[in-house]
Amino acid sequence: MPEVSDIPRTRPATVLLVVVAAVLAELLRVSFPLLYALAEDLGFLTAAWLVPVLFALPLLAAPVGRFVHPRVLLGVGGAVLGGARVVVQVQATPALVVVMAGVVAGLVTLPLVVRVVVARRGARAATTGLFVGLAVDAGIRLAFVTWDPSWQSSVAAMVVGLAIATLVVVATGWVVASTGPWGPDRLRGAIVVAPVLALQTLALASPAFVASSAGLGLAASGAVVVVGLGLACGGLLGSGHARRVAVGVAATTVVAVAALATGPTAVGGPVVVVLVLAAQWAVGVLVVTALDRAGATGTRAESVTPSAPGRAWRTGLGGGIGALVLVAGMLPYQISYELPLGVPQATWPVFVALVLVATAVVAPPTAVEEATVDQAGGADRGRAGTVTAVLAVAPVLVVPAVLALTGPGSAREDGSGPAGEERVRVATYNLHSGVGTDGRLDPDRIADVLEEGGAEVMALQEVARGWPLAGGIDLASWLGRRLDAQFVYGPAADHQFGNAVLSTRPIQRWRSGTMPKGEGPMRRGWVAASVAFDDDVLEVFSIHLQHQDDTTATRQDQARLVLAAWDGAERTVLAGDLNSRPGSPDIAPWFDATGLVSAQADGEIRPTSPADAPDHTIDWILGTPDLAFRDVDVPATTASDHLPIFADVTRSP
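Everything numeric in this text was worked out from a predicted model, so none of it was measured. (Residues numbered from 1 in each chain as written. Predicted model: local features only at pLDDT ≥ 70, side-chain atom pairs only at ≥ 80, totals over all residues. Heavy atoms only, no water.)

A.B. asks: How do you make sense of the overall build of the protein when you look at a structure like this?
C.D. replies: Counting its regular elements, the protein contains 22 helices and 12 strands. The buried share of the protein, taken over its 653 residues, is 61%. Expressed as a percentage of contacts within the protein between residues at least 6 apart in sequence, the contacts between residues at least 24 apart total 79%. Counting every atom, the protein has about 22600 Å² of accessible surface; 63% of that belongs to carbon and sulfur. (Helix = DSSP H or I, 4+ residues; strand = E, 2+ residues; numbered from the N terminus. Buried < 20%, exposed > 50% of the residue type's maximum accessible area, 1.4 Å probe, protein only. Contact = heavy atoms within 4.5 Å. Areas by Shrake-Rupley, 256 points an atom, 1.4 Å probe, with all protein chains shown as cover.)

A.B. asks: Please clarify how helix α10 (residues 207-214) should be interpreted in this entry.
C.D. replies: Count 3.6 residues to each turn of an α-helix, and residues three or four apart come out pointing the same way. Among the 8 residues that make up α10, 8 are buried, leaving the element largely enclosed by the rest of the structure. Buried within α10 are the following residues: Pro207, Ala208, Phe209, Val210, Ala211, Ser212, Ser213 and Ala214. Looking one or two places after α10, you find Gly215, whose phi comes out positive at around 75 degrees.

A.B. asks: Sorry, what's going on with the packing of aromatic side chains here?
C.D. replies: Think of a pair of aromatic rings as described by two things: how far the centres are apart, and how the planes are tilted against each other in angle. Across all of its chains, the model carries 7 aromatic pairs by this definition. Ring geometry for Tyr36 against Phe44: centres 5.8 Å apart, planes inclined by 50 degrees, an arrangement best described as tilted. Residues Tyr333 and Tyr337 carry aromatic rings whose centres are separated by 6.0 Å and whose planes lie at 85 degrees to one another, so their mutual orientation is edge-to-face. A network of ring pairs unites the aromatic residues Tyr333, Tyr337, Trp467 and Phe497 as a single cluster. The ring centre of Trp313 lies 4.2 Å from the NZ or CZ of Arg66, which sits over that ring. Arg120 extends its terminal NZ or CZ atom over the ring of Trp182, reaching a point 5.4 Å from the ring centre. (Phe/Tyr/Trp six-rings, centres within 6.5 Å; stacked < 30°, edge-to-face > 60°. Lys NZ or Arg CZ within 6 Å of the ring centre and 35° of its normal.)

A.B. asks: What is the right way to look at the pattern of salt bridges in this model?
C.D. replies: Close approach of charged atoms allows side chains of opposite charge to pair. Summed over all chains, the structure comprises 21 salt bridges. As a salt-bridge pair, Asp586 and Arg555 come within 2.6 Å of each other at their nearest N and O atoms. In this pair, Asp586 is assigned in the loop between β8 (572-577) and α22 (588-591) and Arg555 in helix α21 (residues 552-566), connecting sequence segments 31 residues apart. On the basis of relative accessible area, Asp586 is assigned to the buried category, the value being 8%. Ionic contacts of the salt-bridge type, sharing partners, join the residues Arg423, Arg425, Glu456, Arg505 and Asp648 into one network. (Salt bridge = Lys/Arg side-chain N within 4 Å of Asp/Glu carboxyl O.)

A.B. asks: Explanation requested: the sheet that holds strand β1 (residues 424-430) in the structure shown.
C.D. replies: Backbone-to-backbone hydrogen bonds join strands into a sheet, with any given pair of strands oriented parallel or antiparallel. If you walk across this open sheet you meet the 6 strands as β3-β4-β2-β1-β12-β11, and the pairing is mixed. Unpaired on one side and paired on the other, β3 (486-494) and β11 (627-633) mark the two borders of the sheet. The sheet shows a mean angle of 25 degrees between the axes of neighbouring strands, direction not considered. Strand direction decides the pairing type here: β11 and strand β12 (residues 645-651), joined by 5 bridges, are antiparallel. Within β12, the position partnered with Asp633 by the bridge is Phe646. Along the sheet, helix α20 (residues 475-482) contacts β2 (457-464), β3 and β4 (497-503); its crossing angle with β2, the most-contacted strand, is approximately 145 degrees. (Pairing = 2+ DSSP bridges. Axes fitted to C-alpha atoms, helices over the stretch in contact; angles between N-to-C directions.)

A.B. asks: I keep staring at the sheet that holds strand β9 (residues 597-598) and nothing clicks. Help me out?
C.D. replies: Read across the open sheet, the 6 strands follow the order β5-β6-β7-β8-β10-β9; overall the sheet is mixed. Every other strand in the sheet has two partners, leaving β5 (507-515) and β9 as the edge strands with one partner each. As paired elements, β9 and strand β10 (residues 619-623) share 2 bridges and run antiparallel to each other. Note that in β10 the partner of Val597 across the bridge is Gly623. Sheet strands touched by α21: β5, β6 (524-533), β7 (536-544) and β8. Its angle to β5, the strand with the most contacts, is close to 150 degrees.

A.B. asks: What is the right way to look at the nonpolar core in this model?
C.D. replies: Proteins that are soluble and globular tend to have nonpolar side chains buried together. By size, the foremost hydrophobic cluster in this structure holds 160 residues, and its most contacted members are Phe55, Leu110 and Phe131. Discounting chain neighbours no more than four positions away, the residues touching Phe55 are Leu28, Leu35, Met100, Val103, Leu107, Ala323, Leu324, Leu326 and Val327. Judged by nonpolar contacts, the second largest core, of 25 residues, contains Val424, Val501, Ala529 and Leu627. (Core = buried A, V, L, I, M, F, W, Y, C linked by side-chain atoms within 4.5 Å.)

A.B. asks: What exactly am I supposed to notice about the environment of Val272 here?
C.D. replies: When you line up the elements, Val272 lands in helix α13 (residues 271-295). For Val272, a relative accessible area of 1% translates into the label buried. Spatially, the C-alpha atoms of Val272 and Phe209 are 9.7 Å apart, while their sequence positions differ by 63 residues. With near-sequence residues (within four places) excluded, Val272 lies in contact with Phe209, Ser213, Ala214 and Val267.

A.B. asks: In this structure, what is going on with the pairing of β12? I would like to understand it.
C.D. replies: If a strand is regular, its side chains alternate between the two faces of the sheet. Counting buried positions along β12 gives 6 out of 7 residues, so the element sits mostly inside the fold. Inspection of the sheet shows β1 paired to β12 by 5 bridges, in the antiparallel sense. Bridge pairing in β12 places Arg425 opposite Asp648.

A.B. asks: Explanation requested: the pairing of β8 in the structure shown.
C.D. replies: By the criterion of burial, β8 is predominantly enclosed, with 6 of the 6 residues buried. Pairing of β7 with β8 involves 6 bridges; the strand directions are parallel. Residue pairing across strands places Phe541 opposite Leu574, the latter belonging to β8. Handedness of the β7-α21-β8 crossover: right-handed. Pairing between β8 and β10: 5 bridges, direction antiparallel. Bridging from a neighbouring strand, Val573 pairs with Gly623 of β10. (Right-handed = clockwise from strand over helix to strand, strands pointing away.)

A.B. asks: Which parts of the structure should I look at to understand the confidence of the model for the protein?
C.D. replies: Any segment with low pLDDT has predicted coordinates that should not be analysed in fine detail. In the predicted model, the protein carries a mean pLDDT of 87, and 87% of its residues have values of at least 70. Of the regions scoring below 50 in pLDDT, residues 297-310 engages in 32 contacts with residues more than four places distant in sequence or in other chains. This model gives residues 365-383 a pLDDT under 50, and the stretch forms 30 contacts once residues within four places in sequence are excluded. (pLDDT = per-residue confidence, 0-100.)

A.B. asks: Just checking my understanding: could you explain the side chain of Ser221 for this structure?
C.D. replies: Along the chain, Ser221 turns up in helix α11 (residues 218-234). Assessed through its relative accessible area of 0%, Ser221 is described here as buried. Once residues lying within four places of it in the same chain are set aside, the contact partners of Ser221 are Pro207, Val210, Ala211 and Leu216.

A.B. asks: How do you make sense of a nonpolar patch on the surface when you look at a structure like this?
C.D. replies: On the surface, a nonpolar cluster with roughly 270 Å² of combined accessible area is contributed by Val86, Val87, Val90 and Leu162. A per-element tally of the nonpolar patch places helix α4 (residues 70-90) first, with 3 residues. With respect to the helices, strands and loops of the structure, Val90 is situated in helix α4. Under the relative-accessibility criterion, Val90 is labelled exposed at 53%. (Patch = residues over 30% accessible without salt bridge, like charges linked within 9 Å, V, L, I, M, F, W, Y side chains within 5 Å.)

And the structure:
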């Protein structure tokens, strides 16, 4: 614990820790849509080895750290991170090379600044700073309704992006110029950081993940995330035997939550809130324990002083190892939805959780370390740390509170409204998670397309709600607020990737279902909503079937499952990405004695894919015989990799 006279020189290190954690978390999310676009261009097998190579670059800090003082590595890393954040903000579409430069610099810088804070203020302060930084990041995301400001050119996005980048650069210079210990050069404290980022990015600090998994609105899920981060940085541990029990419980909890809450078989519903809060407490316990042990020394003289040269190679090596753990957990988790790897998806988050546990529990502490751990976990400091954590994250709760007071939310099962008109404009659109053909994540372009088409009820596919590959955005919530529409959502591949129906008319009831993946790599699904229509209701399905060319039998089986769910009811529109071409065996089940008619049946069937050079039709709007379609349109746009279809629906004459 620093003396009172030391507090001023410890503040810049803490500030730097907060802003580096916030900026790195954002750039990490921004990198994933860009890396996914690269994988689509080069092939997923090529990406499977190229992406790990990029994330291995932080290992270069290890040999450099043998010859330069930590202040040099920190100075360069902080400058590159801040500079990359500035460039990303002013670019029309963030360039992958710039984003990855920032990510690599951040993965080198963050372990270094954690090491400095541990040396000058202790492990609890470093843990608090790390999670306060993630809380700041969560607050910024919520303020922009989960679409990161790095992608935006609005005045607000520019101000936020440039301000936090400036803070990184200024705080870096402040720390580099300051005096004080730089801490021991150890692997443990450096490795622990990246696994924490992986778990936070994938699930624990993602408002969209909590919203889609728990079935909450974005405001409530944001509050859960912020409270969870407060629990993490509070570091409630106790001392002695109580602390050892807490570490054991925390280790079990974080592994169990990683197994239960991720992947296609993840649990859903309100229990997810409990799991997230418990896991955040557990992660905080493990981090403060790992940092306690990494920072423990017999005497202050054993710490690396500002004048001691070449003592950062273990920190650099640990940061590089942590980066590899991050990519080893997140890359296979996402790529297995396209290329099955033979093991459950939850295997990879569990692996990350086990590495985090190992940093805290492997190799029992020495007598000196035990004394340091107990001192750091003493009752007085525990209470002080908890109060500090609450005060630090409490202001962020203002953001979800504002969200709760504005914008529409998910339609409720028992929702009702006035009768509709006799005409309704319907659209179907595969959103490609909001990523256009240029690789840019831009839900505003999607909203513009839907607005310009006059859509009132929108059947949407590939709706991301927390998928890292889509930058962690809650696309359903964002579009719902932007279009002033209610939405209902049905999970497909997992809770974070599925289908939605948005409606500017009241949604009276809804239902959803999933379909076995059959010969394909990914589970598919559907969702249906009943909206006010002509003194009655119109049921609109949003459907997405398997996409590989050689999975015709699977598509046919999936089509029959959806048709069974429809069960021949009148006043029904079935729309979506059926991955079935006109005249093919894939499309046959939809017209086999069903009476369904296509919106494009009376005119030329226009191609819908790929958006930048459409040459085939795989997206459809179908309706029951008591309905008629008119004013059908398939506008040209590259906001997604598919084209939308719009049609007016009326009662058949």
